[in-house]
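Coordinates in review
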Amino acid sequence: LLRTYHCDTPHKAPAATSPAASSSASAGAEALEAARPGLSSRHAAVAELLLECGQAHLFVSWPPAGEAEPDKARFLEQCHGLDQRYPGGLRAYVANARRLLAESAAAVNPLAGWRPTVPAAELETKLYPVDSEFRRFEEIGLSEAAGLCFVLPAGGLGERLGFSGIKLALPCEIATGTPLLQLYAAHICALQHLLAERLGRVVRLPFLIMTSADTHAKTELFLASHDHFGLAAEQVTLLQQSTVPALADAAGTFVLDPLDAYSLLTKPHGHGDVHSLLHTSGVASRWLREGRRWVYLLQDSSTNYFATHLAALGVSAARGLGVNFVAMPRRARMALGVLCSLQRERGDGSLTLPLLPVEYNQLEPLLAAA
């Protein structure tokens, strides 16, 4: 059983600064003051911003003005770029990080007070892959598929899975060792072939992969060394997501690269970046101009997406949907997020959010309190 779901539409303060941290901050501020005469006005403003964000420790090892100026400029340019790319800049990033980490440490559930319920039946379409209704929706999806684009967020490595490469290079099964990316490309190629037979013309379905600094070059090499797994090179787009400073603690302390004292360690910001990146890169606008109508988003470590993508597209087209989720039934206490409705009582009556993704670690406390 698979289901598609659709919609028609004060925190705890961080711990006090330790004496050691205060000493480091003081030493950093003094080192920066000695280095300030060698900085341009823009770089001096960036350094001041870092002080305001509580990052004086970054300057502890800086020599005085006149020494290591190219390295200092390189570091401050990196910080300037990070400030420009994050909504609200580094001030907002540090403030958000401190708030969220403090709430996490205090076990604060941002959804406290809401009551989860099963979504209304009219929001749900049940799909059984062996029945005629599933095949009917697949046929509708196939009639829409020439306007389909595929988007794959793939900014993470396989470290959590004990794999040193990109997740897209992971084998999807042990019999042949076929990599995930090869399987995805094979499904896209097969769909293109079927559409070409039906339409009597060549069909190329855009395939966009969102990468990160950790995965971009490796993904490029993986595609090139395998001739893009049968896809045309021009139909595959790689967009690299921006990164944010890595944090050492709940105080939002930035971390220097242990191999380079003039570089911050950074990490990808998360898969949610794909939406803003599609917009800011101009790719979404270009697809719209080309007559593309649908975007299918999939993740980078599962083989199940292409079992249902045409039927899900058919449901979206038949019901005139703007957004559609594909999900499976969840057993109690499974470590999986859910799609549910949320209800909350207030003075003028109850408020209902008809459909919302909720992480499992937030769901269980809500169910216990309901």
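Relevant structure appears above.
First, a word on scope: everything that follows refers to the structure included in this document. This structure is a prediction, so every number in the text was calculated from the model and none was measured.

The subject of this paragraph is the overall build of the chain. Along the backbone of the chain there are 11 helices and 14 strands. Overall size of the chain, expressed as C-alpha extent along the three principal axes, is 75 × 60 × 40 Å. The burial tally for the chain puts 39% of its 370 residues in the buried class. Summed over its atoms, the accessible surface of the chain is roughly 19,600 Å², and 56% of this surface lies on carbon and sulfur atoms. Taking the average location of the 31 positive side-chain charges in the chain and that of its 35 negative ones, the two points are 6 Å from each other.

With that out of the way, let us pick up the nonpolar core. Inside soluble globular proteins, nonpolar side chains tend to come together where they are buried. Of all hydrophobic cores here, the largest spans 33 residues; its most connected members are Phe150 and Leu191. Contributing elements (two or more residues each) for this core: β4 (148-153), α6 (180-199), β5 (207-211), α7 (216-225), β11 (294-297) and α10 (309-319). A total of seven residues in this core trace back to one element, the largest contributor, which is α6. Dropping the residues within four chain positions of it, leucine 191 is found in contact with Leu142, Ala145, Leu148, Phe150, Leu205, His309 and Leu310.

Read from one edge to the other, the open sheet built from four strands follows the order β6-β5-β4-β11, with strand pairing classed as parallel. Unpaired on one side and paired on the other, β6 (236-240) and β11 mark the two borders of the sheet. Neighbouring strand axes in the sheet, compared pairwise and without regard to direction, differ in orientation by 25 degrees on average. Of the strand pairs in this sheet, β5 and β6 are connected by five bridges, and their pairing is parallel. If you follow phenylalanine 207 over to β6, its bridge partner there is valine 236. Its contacts with the sheet put helix α8 (residues 273-280) on β4, β5, β6 and β11, and the angle it makes with β5 is roughly 120 degrees.

On to the environment of alanine 307. On the secondary structure map, alanine 307 appears in the loop between β11 and α10. Between the C-alpha atom of alanine 307 and that of histidine 187, which follows or precedes it by 120 residues, the distance is 9.6 Å. Ignoring any residue separated from it by four or fewer positions in sequence, one finds alanine 307 in contact with Phe134 and Glu138.

A word on the side chain of lysine 72. Locating lysine 72 in the fold gives a position in helix α3 (residues 69-85). Among residues more than four places away in sequence, those in contact with lysine 72 are Ala35, Leu39, Trp62, Pro63, Pro64, Ala65, Glu67 and Tyr262.

When two helices pack together, their arrangement is captured by the angle between the axes and the distance separating the axes. For the pair helix α2 (residues 41-52) and α3, the least separation of the axes is 9 Å and the interaxial angle reads 65 degrees. On the basis of the axis angle, α2 is roughly perpendicular to α3. Pair α2 / α3 crosses with left-handed handedness. Every residue of α3 that contacts α2 at Arg42, His43, Val46, Ala47, Leu49 and Leu50 is listed here: Ala73, Phe75, Leu76, Glu77, Cys79, His80 and Asp83. Here the contact of α2 with α3 is built from residues that sort into eight nonpolar, two polar and three charged.

Inspection of the entire model under this criterion finds 15 salt bridges. In this structure, arginine 36 and glutamate 48 form a salt bridge, with 3.5 Å as the shortest nitrogen-oxygen distance. Of this pair, arginine 36 sits in the loop between α1 (19-35) and α2 while glutamate 48 sits in helix α2, placing them 12 residues apart in sequence. According to the relative accessible area criterion, arginine 36 is partly exposed, its value standing at 24%. According to the relative accessible area criterion, glutamate 48 is partly exposed, its value standing at 32%. Among the ionic pairs, glutamate 139 bridges to arginine 198, the shortest N-O distance being 2.7 Å. Note that glutamate 139 is positioned in helix α5 (residues 132-144) and arginine 198 in helix α6, a separation of 59 residues in sequence. On the basis of relative accessible area, glutamate 139 is assigned to the partly exposed category, the value being 40%. Beyond isolated ion pairs, a larger network of salt bridges with shared partners links Glu33, Arg36 and Glu48.

If you trace the three strands from one edge of the open sheet to the other, you get β2-β13-β14, paired in antiparallel fashion. Edge strands, defined here as strands with exactly one partner in the open sheet, are β2 (115-117) and β14 (349-358). Averaged over all neighbouring strand pairs, the angle between strand axes comes to 30 degrees, with direction disregarded. Of the pairings in the sheet, the one linking β2 to strand β13 (residues 338-346) comprises three bridges and is antiparallel in character. Bridging across to β13, arginine 115 finds its partner in glutamine 343.

Here is what the cut-offs are and how they apply
Residues numbered from 1 in each chain as written. Predicted model: local features only at pLDDT ≥ 70, side-chain atom pairs only at ≥ 80, totals over all residues. Heavy atoms only, no water. Helix = DSSP H or I, 4+ residues; strand = E, 2+ residues; numbered from the N terminus. Buried < 20%, exposed > 50% of the residue type's maximum accessible area, 1.4 Å probe, protein only. Areas by Shrake-Rupley, 256 points an atom, 1.4 Å probe, with all protein chains shown as cover. Lys, Arg positive; Asp, Glu negative; His and termini not counted. Charge placed at Lys NZ, Arg CZ, Asp CG, Glu CD. Core = buried A, V, L, I, M, F, W, Y, C linked by side-chain atoms within 4.5 Å. Contact = heavy atoms within 4.5 Å. Pairing = 2+ DSSP bridges. Axes fitted to C-alpha atoms, helices over the stretch in contact; angles between N-to-C directions. Parallel < 35°, antiparallel > 145°, perpendicular 65-115°, else oblique. Left-handed = near helix turned anticlockwise from the far one by under 90°. Nonpolar A, V, L, I, M, F, W, Y, C, P; charged D, E, K, R; others polar. Salt bridge = Lys/Arg side-chain N within 4 Å of Asp/Glu carboxyl O.

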